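Below are the chains, spelled out letter by letter.
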Amino acid sequence: MRLKPKLIELIRGATTVGILIYGAYYVYTNLESFRALFEVNWKIVAVMVTFILINIFASASENAIFFRVMEAPIGNIESFGLTNVSAFFNLILPQGGSITKAIYLKQKYGIPYSKTPAIYQGLLVIYLLIGSGIILSTNLITTITGGTVPLLFWVIVLLGFTSGILLVIDIPQGALSKSGRIGVWISNYSDGWKNLRTNKTCLVNASVWQFIIFVSAGIWVSTAYYSLGIKINPLLGVSLSVIISFTNILTIVPGNLGIQEAAYGYLTYLSGMLFAQGVIVSTLTRVVLLFMTLL
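Residues numbered from 1 in each chain as written. Predicted model: local features only at pLDDT ≥ 70, side-chain atom pairs only at ≥ 80, totals over all residues. Heavy atoms only, no water.

Caption draft 1: Geometry of the overall build of the protein chain. Looking only at helices and strands, the protein chain features twelve helices and zero strands. Secondary structure elements of the protein chain occur, N-terminal to C-terminal, as α-α-α-α-α-α-α-α-α-α-α-α. Of the contacts formed within the protein chain by residues at least 6 apart in sequence, a portion of 69% connects residues at least 24 apart. Total accessible area computed for the protein chain in this model is approximately 15,700 Å², and 70% of it derives from carbon and sulfur atoms. (Helix = DSSP H or I, 4+ residues; strand = E, 2+ residues; numbered from the N terminus. Contact = heavy atoms within 4.5 Å. Areas by Shrake-Rupley, 256 points an atom, 1.4 Å probe, with all protein chains shown as cover.)

So, in structure tokens, the structure goes:
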């Protein structure tokens with residue numbers, strides 16, 4: 001049974017309110033732990049901000065590669081602006097960033113809405129493949145050096161690599177032209193996806209930028225822990241940044257409020273630290289990212 005849009009919005013709204021109430025309760029019951037936010041090392045936060053900027057620029061550059069394949073002549077600077085505006089709308093609406101980019105591409109460059117899902121699919125596949133490769137590498141290095149890797153990290157690697165199957169899948173277009181408007185939409189999407197997955201230069205360049213995205217994210221996640229006096233292995237920071245970013249694939253509430261905090265807490269706990277420490281780190285990163293987005 002298909003849920004009506006108003007019912008979906010009601011469920012999302014109720015979920016958001018419930019998360020806010022529980023979040024306030026959690027902060028209240030762990031107030032002593034959250035006092036650490038007032039003792040942040042701001043010099044380390046400055047390093048964190050630097051790598052966040054690198055991360056955003058790398059993400060914008062990767063997006064620009066896919067936009068250009070779709071014949072939208074967007075430069076890295078323009079894409080940087082679009083990425084930040086999209087990040088702002090992600091704070092307001094689930095998938096608000098994707099909607100913003102689709103409207104921008106349509107209004108300024110005439111890219112059909114039916115082609116933008118191909119862009120997001122291409123970004124998703126590269127994102128999962130490179131992310132899984134990084135987690136696999138950090139898992140192996142940690143294991144070789146005598147460390148312990150949670151089973152969940154290996155499972156995520158396996159699931160991530162299966163996304164590569166999408167690179168060899170194409171949609172037959174024989175009967176699409178006779179299917180009316182729906183056929184046109186699917187045909188546009190199929191054309192866009194074929195252009196992306198067969199463009200090796202695009203895929204390689206996007207993979208390089210995606211690697212930079214994950215490494216820079218790993219560094220600023222590690223510095224977030226360090227700024228609160230929590231020392232972690234930088235390799236663990238990279239793994240955490242990749243896995244936590246995977247939780248943003250499906251956005252249920254704006255900004256994945258509460259879900260991101262739970263992911264930080266749980267993964268931090270699996271890594272031998274306190275759950276509350278992960279939640280505090282997540283709070284710090286959310287505040288810094290919000291400030292930078294609004295700025």
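Once the structure has been displayed, the description carries forward.
Caption draft 2: Summary view of the layout of surface pockets. Volume-wise, the largest pocket comes out at about 1,600 Å³. As for the largest pocket, its lining consists of 41 residues, and the residues nearest its centre are Ser59, Asn90, Tyr127, Ser245 and Asn248. Elements supplying a minimum of two residues to the lining of the largest pocket: helix H3 (42–69), helix H4 (76–90), helix H5 (96–109), helix H6 (116–144), helix H9 (200–227), helix H10 (234–246), helix H11 (259–270) and helix H12 (275–294). Considered class by class, the residues forming the lining of the largest pocket number 18 nonpolar, 20 polar and three charged. (1 Å grid on protein atoms, 1.4 Å probe; cavity = no way out; pocket = protein on both sides within 12 Å on 5 of 7 lines; lining within 4 Å. Points joined across faces, edges and corners; volume = space filled by probe spheres on them. Nonpolar A, V, L, I, M, F, W, Y, C, P; charged D, E, K, R; others polar.)

Caption draft 3: Quick peek at H5. Here H5 contains 14 residues, and its C-alpha end-to-end distance of 20 Å stays within 8% of the 20 Å for a straight helix at 1.5 Å per residue. Buried within H5 are the following residues: Gly96, Gly97, Thr100, Lys101, Ala102 and Leu105. Elements in contact with the buried residues of H5: H3, H4 and H6. Trailing H5 by a residue or two, Gly110 shows a phi angle of about 70 degrees, which is positive. (Expected span 1.5 Å × (residues − 1). Buried < 20%, exposed > 50% of the residue type's maximum accessible area, 1.4 Å probe, protein only.)

Caption draft 4: Local environment of the side chain of Ser239. Mapping Ser239 onto the fold places it in helix H10. Given the relative accessible area of 3%, Ser239 is considered buried. Residues within four places of Ser239 in sequence aside, it is in contact with Thr138, Asn139 and Phe153.

Caption draft 5: Spatial organisation of the environment of Tyr120. Inspection of the secondary structure puts Tyr120 in helix H6. For Tyr120, a relative accessible area of 22% puts it in the partly exposed group. In the structure, Tyr120 is positioned 57 residues away from Asn63 in sequence and 9.1 Å away in space, judged by C-alpha atoms. Leave out the neighbours within four places in its chain, and Tyr120 touches Ser98, Lys101 and Ala102.

Caption draft 6: Region of the structure containing unusual backbone geometry. Residues other than glycine seldom take positive phi values, yet Glu71 does so here, at roughly 70 degrees. Looking at where Glu71 falls in the secondary structure, it is placed in the loop between H3 and H4. Among the residues examined, Glu71 registers a relative accessible area of 68% and is labelled exposed.

Caption draft 7: Just the nonpolar core, in detail. Of all hydrophobic cores here, the largest spans 42 residues; its most connected members are Ile135, Phe153, Tyr225 and Phe246. Secondary-structure elements contributing two or more residues to this core are H3, H6, helix H7 (151–161), H9, H10, H11 and H12. In contact with Ile135, other than residues within four places in its own chain, are Phe153, Ile156, Val157, Val242, Ile243 and Phe246. Counting 17 residues, the second largest nonpolar core, distinct from the first, contains Ile65, Ala72, Ile74 and Cys202. (Core = buried A, V, L, I, M, F, W, Y, C linked by side-chain atoms within 4.5 Å.)

Caption draft 8: Looking closely at a nonpolar patch on the surface. On the surface, Leu140, Ile144, Leu151, Leu152, Trp154, Val155, Leu159, Tyr266, Tyr269 and Phe275 cluster together into a nonpolar patch covering about 1,000 Å² of accessible area. Mapped onto the elements, Tyr266 comes out in helix H11. (Patch = residues over 30% accessible without salt bridge, like charges linked within 9 Å, V, L, I, M, F, W, Y side chains within 5 Å. Salt bridge = Lys/Arg side-chain N within 4 Å of Asp/Glu carboxyl O.)

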